There are 2 protein chains.
Amino acid sequence: MSLTRNTKNVPYYILGAGAFARLGDFIDERRHGGGAALFCVDHYFQDKEALRDLPAKDGDIVVFVDTSKEPAVEYVDALSDGVKARLQGRPPCCVVGMGGGATLDVAKAVANLLSNPGKAEEYQGWELVKNPAPYKIGVPTLSGTGAECSRTCVLTNEKRKLKLGMNSDYTVYDQLVLDPSLTVSVPRDQFFFTGMDTYMHCFESLRGAYRNVIVDRLSLCAMDMCRDIFLGQEDMMSEANRENMMVASYLGGMAAGNTGLVHPLSAGLSIVLHLPHGRANCYALSVLGDFYPEEHAAFTQMLAKNRISLPKGICANLSEEQYDALHQGTIVHEKPLSNALGPDFKNILGKERLTSMFKAM
Amino acid sequence: MSLTRNTKNVPYYILGAGAFARLGDFIDERRHGGGAALFCVDHYFQDKEALRDLPAKDGDIVVFVDTSKEPAVEYVDALSDGVKARLQGRPPCCVVGMGGGATLDVAKAVANLLSNPGKAEEYQGWELVKNPAPYKIGVPTLSGTGAECSRTCVLTNEKRKLKLGMNSDYTVYDQLVLDPSLTVSVPRDQFFFTGMDTYMHCFESLRGAYRNVIVDRLSLCAMDMCRDIFLGQEDMMSEANRENMMVASYLGGMAAGNTGLVHPLSAGLSIVLHLPHGRANCYALSVLGDFYPEEHAAFTQMLAKNRISLPKGICANLSEEQYDALHQGTIVHEKPLSNALGPDFKNILGKERLTSMFKAM
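Each chain carries its own residue numbering, running from 1 in the written order of its sequence. Think of it this way: whatever chain is written first is A, whatever ligand is written first is 1, and the rest follow in order. In keeping with the model being predicted, local features are shown solely for residues with a pLDDT of at least 70 and side-chain atom pairs are shown and tallied solely at 80 or more, while totals for entire chains, interfaces and linings include all residues. Water and hydrogen atoms were dropped before computing side-chain values, which therefore reflect all heavy atoms in the structure.

## Some details on the pattern of salt bridges
All names here are of chain A.
Here is step 1: Salt bridge, as used here, is a side-chain nitrogen of Lys or Arg placed within 4 Å of a carboxyl oxygen of Asp or Glu. Throughout the structure, instances matching the rule amount to 42 salt bridges over all chains.
Here is step 2: For the salt bridge of Lys159 with Glu121, the shortest nitrogen-to-oxygen distance reads 3.3 Å. Within this pair, whereas Lys159 is found in the loop between strand 8 (154-157) and strand 9 (162-167), its partner Glu121 is found in the loop between helix 3 (101-115) and strand 6 (125-126), the two being separated by 38 residues in sequence.
Here is step 3: The classification of residues rests on relative accessible area computed with a 1.4 Å probe and restricted to protein chains. Under 20% of the type maximum is buried, over 50% is exposed, and intermediate values are partly exposed. Under the relative-accessibility criterion, Lys159 is labelled exposed at 64%.
Here is step 4: Look at Glu121 and you get partly exposed, because its relative accessible area is 25%.
Here is step 5: A network of salt bridges, in which partner residues are shared, links Asp28, Arg31, Lys57 and Asp60. For the purposes of this entry, the term helix denotes a DSSP run of H or I that reaches at least four residues, the term strand denotes a run of E that reaches at least two, and both are numbered from the N terminus.

Here it is in structure tokens:
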């Protein structure tokens, strides 16, 4: 096994039902400088009860993150410009991201832009963020993306036709509040599709060429948990399983190694059809049985056991232009594709083969 | 499952053969303040080749840690007094601990004493360290104790007849350098006994009453790795298995939940017979088959498979005073004992029963 990069862990976590009630303490510990706390909250909570327990004080800023679409660079720019105007040059005491992967990622991106000049797209890439972001607290309300642990925040960029994050140690949250009671009202489909994201990035990593022992073992651990949750006796959304899924996402996020074939095809679907990430992953895996036979079989069982349907035909009648865009949006992901297939990936996944795979979805 | 305490992870790790060559870079990143780097190195390396690669510069301080005995508070006091005199009031740019669990713990304790006044024993307990320690880099050269991840540094205190650490987030290392090539020359017995420490604190945690999902899953993961290493096809000290054991120790150390019956009996043995920790654990488990039948059976297999012997009779002919001290040195560990046996642990583990267990070792 080769030498890893110097890897950052999320420095602090608290786990368990009731953890959310501690959020106010964590924020108060940062208030000494006098700046406002900035809350980036999934718009889903706008009229929900949980919002009443948000420990926002006078002068704090609460913004709602529209997660009906995948987060885009322009959206993040607008959001951070608005926040900057309200902060009037005074740095926030901390930034709280509360929501699913999209919201957690938007909060990370906005935080980076509060301490670094310019536009979001200038930081899409690796090690481009120059100044540390304000202190960040992540409160996931949906489990599976691993965004609570990762050093990236995935943003779509229509102009450059890609999805790419601000890969930086500065992007990592400083504190996680893992409270499974926050996931009780997640729709069942969404719980399943998002949970599968953990399962998928873990097996993509394990089946790839670029590996290390820590990532491998954490991936195996998170996959075991997913199998227990989605194929076990208990309902996938039982109290215990919602806590298990929150931990699987956390451990899978710590593992976050290199993805393989699922994520590139999924990115293509999100770019062209604006499919949400979790659902797009599931469509991608549904046609990857040749490459991942075991995982495809287990996934098919998981769909059936939890009565989740994936209606066929989403790419059946697209224009030639759209098939081109699907191909381009997939093949651009050279690192995960070569991780899965080696340097010859462009020949293995030619336009024709890819198009017939998309048509089979 | 109940709410966890707010839990600190080691913020950075690098893993793989060759990681040790990066140590100089990590230290150099801290040198801006001009203070010396302090190296606390296991005395085993005093005349070894690895020492030539130690990235110490002019003005840095290298101290060798005598690990022939379990680290004691007086020893740590003397060491930190010596270091303070040489530092002449200037804080070190960082503290490097390089060695097994004892050395890693001594480096943590010395670091705490460099930024906090008084003697080591004043900090034996929970949350007593008031000021952050200097930046610390841990370089394990022996795998299994989990000292590289833990928030404690176990020190014996003859006066108070106990083993107790400085439990504090300030005790945690800031950076780990996990290089399995550093464990190539570990004696086989020591590799086994120390590796078993991971196996034991993980199953003690899993069999206990105080639990959480993250600790449980990391414990299961580390135990799986131990079974692969000590019962698998490959030699336990193959190149791959030395890396696996380094990771098992790291993940088991992150799990470091609450211990059970092994550690209290082991502490008694270390106090009375000055047995090293790993070996003492193994003697303890050897008589705990009634309490941990499965784990005892697997352990017996591991001993046999790796041709490790545990000669009988170490407590056969002790004085009444010594049996008293063994009983006291065990029963004082109320938290792990009640974790394993509930509040009635003193009746379950009476003097007579404990003594007959020690005599059976």
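Back to the text.
## Describing the domain arrangement of chain A
All names here are of chain A.
Here is step 1: Looking at the assigned domains, one finds that chain A contains domain 1 (12-183) and domain 2 (188-359).
Here is step 2: The split into domains, and so the bounds of each, comes from an automatic or database assignment of domains. Here domain 1 and domain 2 have C-alpha centroids that lie 25 Å from each other.
Here is step 3: The interface is formed by 22 residues belonging to domain 1 together with 24 residues belonging to domain 2.
Here is step 4: Taking both partners together, domain 1 and domain 2 bury about 2100 Å²; carbon and sulfur atoms supply 66% of that area. By definition, residues are in contact when any of their heavy atoms lie within 4.5 Å. Buried area: the accessible surface (1.4 Å probe) lost by two parts on joining, summed over both.

## Looking at the interface of chain B and chain A
It is common to give the size of an interface as the accessible area that goes away when the parts come together.
Here is step 1: Tallying the contact residues gives 38 residues for chain B and 38 residues for chain A.
Here is step 2: Both faces considered, chain B and chain A share a buried interface measuring about 3300 Å² in area, 58% of it formed by carbon and sulfur atoms.
Here is step 3: Scanning the region where chain B abuts chain A turns up two salt bridges.
Here is step 4: Among the ionic pairs, Arg217(A) bridges to Asp228(B), the shortest N-O distance being 3.1 Å.
Here is step 5: Mapped onto the side of chain B that touches chain A, the elements with two or more residues apiece are strand 1 (7-8), strand 2 (12-15), strand 11 (175-178), helix 5 (213-231) and helix 6 (239-255) of chain B.
Here is step 6: The greatest single-element share of the side of chain B that touches chain A, amounting to eight residues, is contributed by helix 5 of chain B.
Here is step 7: Residues are grouped as follows: Ala, Val, Leu, Ile, Met, Phe, Trp, Tyr, Cys and Pro are nonpolar; Asp, Glu, Lys and Arg are charged; all remaining types, including Gly, are polar. Here the side of chain B that touches chain A is built from residues that sort into 21 nonpolar, 10 polar and seven charged.
Here is step 8: Note that strand 2 (residues 12-15) of chain A and strand 1 of chain B share two bridges and pair antiparallel. Following the sheet pairing, Tyr12(A) is matched in strand 1 of chain B by Lys8(B). Here, any two strands with at least 2 DSSP bridges between them count as paired.

## With respect to the environment of Ser143(A)
All names here are of chain A.
Here is step 1: If you trace the backbone, Ser143 turns up in the loop between strand 7 (136-140) and strand 8.
Here is step 2: On the accessibility criterion, Ser143 (2% relative accessible area) is buried.
Here is step 3: Distance in space between the C-alpha atoms of Ser143 and Asn157 is 25 Å, their sequence separation being 14 residues.

## A look at the packing of aromatic side chains
All names here are of chain A.
Here is step 1: Each Phe, Tyr or Trp ring (for Trp, its six-membered ring) is paired with any other whose centre lies within 6.5 Å, and the angle between the two planes then decides the class: stacked below 30 degrees, edge-to-face above 60, tilted in between. All told, the structure shown has 14 aromatic pairs over all chains when counted by the stated rule.
Here is step 2: Note on Phe191 and Phe230: the rings are 6.3 Å apart at their centroids and 55° apart in plane angle, and the pair reads as tilted. Here the residue Phe191 occupies a position in helix 4 (residues 188-206), and Phe230 occupies one in helix 5 (residues 213-231), the gap between them amounting to 39 residues.
Here is step 3: Between Phe192 and Phe193, the aromatic rings sit 5.9 Å apart at their centres with planes inclined by 80°, giving edge-to-face as the arrangement.
Here is step 4: Its relative accessible area of 4% is what places Phe193 among the buried residues.
Here is step 5: By way of ring pairs, the aromatic residues Phe191, Phe192, Phe193 and Phe230 are connected into one cluster.

## Here's the deal with the relation of the copies chain B and chain A
Here is step 1: We superpose the copies by least squares over the C-alpha atoms of residues that have a pLDDT of at least 70 in both of them. The transformation that overlays chain B on chain A combines an axial shift of 0.0 Å with a rotation of 180°, and the residual RMSD is 0.0 Å. Both copies of the chain, as the preceding transformation shows, are related through a two-fold rotation axis. When C-alpha positions in chain B are compared against the rotation axis, the closest is assigned to Pro11(B), at 2.6 Å.
Here is step 2: The residues that chain B uses at the interface reappear at the interface of chain A in 100% of cases, marking a shared surface.

## Side note on the pairing of strand 11 of chain B
All names here are of chain B.
Here is step 1: Residues Gln175 and Val177 of strand 11 are buried on one face, and the alternating residues Leu176 and Leu178, pointing to the opposite face, are buried as well.
Here is step 2: Bridge count for strand 2 against strand 11 is four bridges, and the pairing is parallel. Bridge assignment links Leu15 to a residue of strand 11, and that residue is Leu178.
Here is step 3: Two strands pair when backbone bridges link them, and strand 7 (residues 136-140) and strand 11 are joined in this way by two bridges, in the parallel orientation. Counterpart to Ile137 in the pairing with strand 11 is Gln175.

## A word on the pairing of strand 5 (residues 94-99) of chain A
Residues and elements named next belong to chain A.
Here is step 1: Here strand 5 lies mainly inside the structure; six of its six residues are buried.
Here is step 2: Burial along strand 5 is two-sided: the face carrying Cys94, Val96 and Met98 and the face carrying Val95, Gly97 and Gly99 are both buried.
Here is step 3: As defined by bridge partners, strand 3 (residues 37-42) adjoins strand 5 across five bridges and the pair is classed as parallel. Across the sheet, the residue bridging to Phe39 is Val96, located in strand 5.
Here is step 4: By the bridge criterion, five bridges tie strand 5 to strand 7 in an arrangement that is parallel. Bridge assignment links Gly99 to a residue of strand 7, and that residue is Pro140.

## Topic: the sheet that holds strand 9 of chain A
Residue and element names in this part refer to chain A.
Here is step 1: One open sheet accounts for three strands, arranged 6-9-8; its pairing is mixed. Of all strands in the sheet, those bounded by a partner on one side alone are strand 6 and strand 8.
Here is step 2: Pairing between strand 8 and strand 9: four bridges, direction antiparallel. Within strand 9, the residue paired with Asn157 across the bridge is Leu162.

## Quick word on the confidence of the model for chain A
Here is step 1: pLDDT: the predictor's confidence for each residue, scored from 0 to 100. This prediction gives chain A a mean pLDDT of 95; 99% of its residues lie at or above 70.
Here is step 2: Under the prediction, the complex receives an ipTM of 0.94, its pTM being 0.96.

## With respect to the nonpolar core
Here is step 1: Residues belong to one nonpolar core when they are buried, are Ala, Val, Leu, Ile, Met, Phe, Trp, Tyr or Cys, and are joined through side-chain atoms within 4.5 Å. Formed by 202 residues in total, the largest nonpolar core has its most connected members in Phe192(A), Phe230(A), Phe192(B) and Phe230(B).
Here is step 2: Residues contacting Phe230(A), with those up to four places away along its chain left out, are Phe191(A), Phe192(A), Gly195(A), Met196(A), Met236(A), Met245(A), Met302(A), Lys305(A) and Asn306(A).

## A closer look at the packing of helix 4 of chain A against helix 6 (residues 239-255) of chain A
Residues and elements named next belong to chain A.
Here is step 1: Think of each axis as a best-fit line through the C-alpha atoms, taken over the contacting stretch in the case of a helix, with angles from 0 to 180 degrees between the N-to-C directions. At a minimum axis separation of 10 Å, helix 4 and helix 6 run at an interaxial angle of 35°. The chirality of how helix 4 crosses helix 6 is left-handed. Here helix 4 contributes Phe191, Gly195, Thr198, His201 and Cys202 to the contact with helix 6, which in turn contributes Asn241, Arg242, Met245, Ala248, Ser249, Gly252 and Gly253.
Here is step 2: Looking at the contact of helix 4 with helix 6 residue by residue, the classes come out as four nonpolar, seven polar and one charged. In a left-handed crossing the near helix is turned counterclockwise from the far helix by less than a right angle, and in a right-handed crossing that turn is clockwise.

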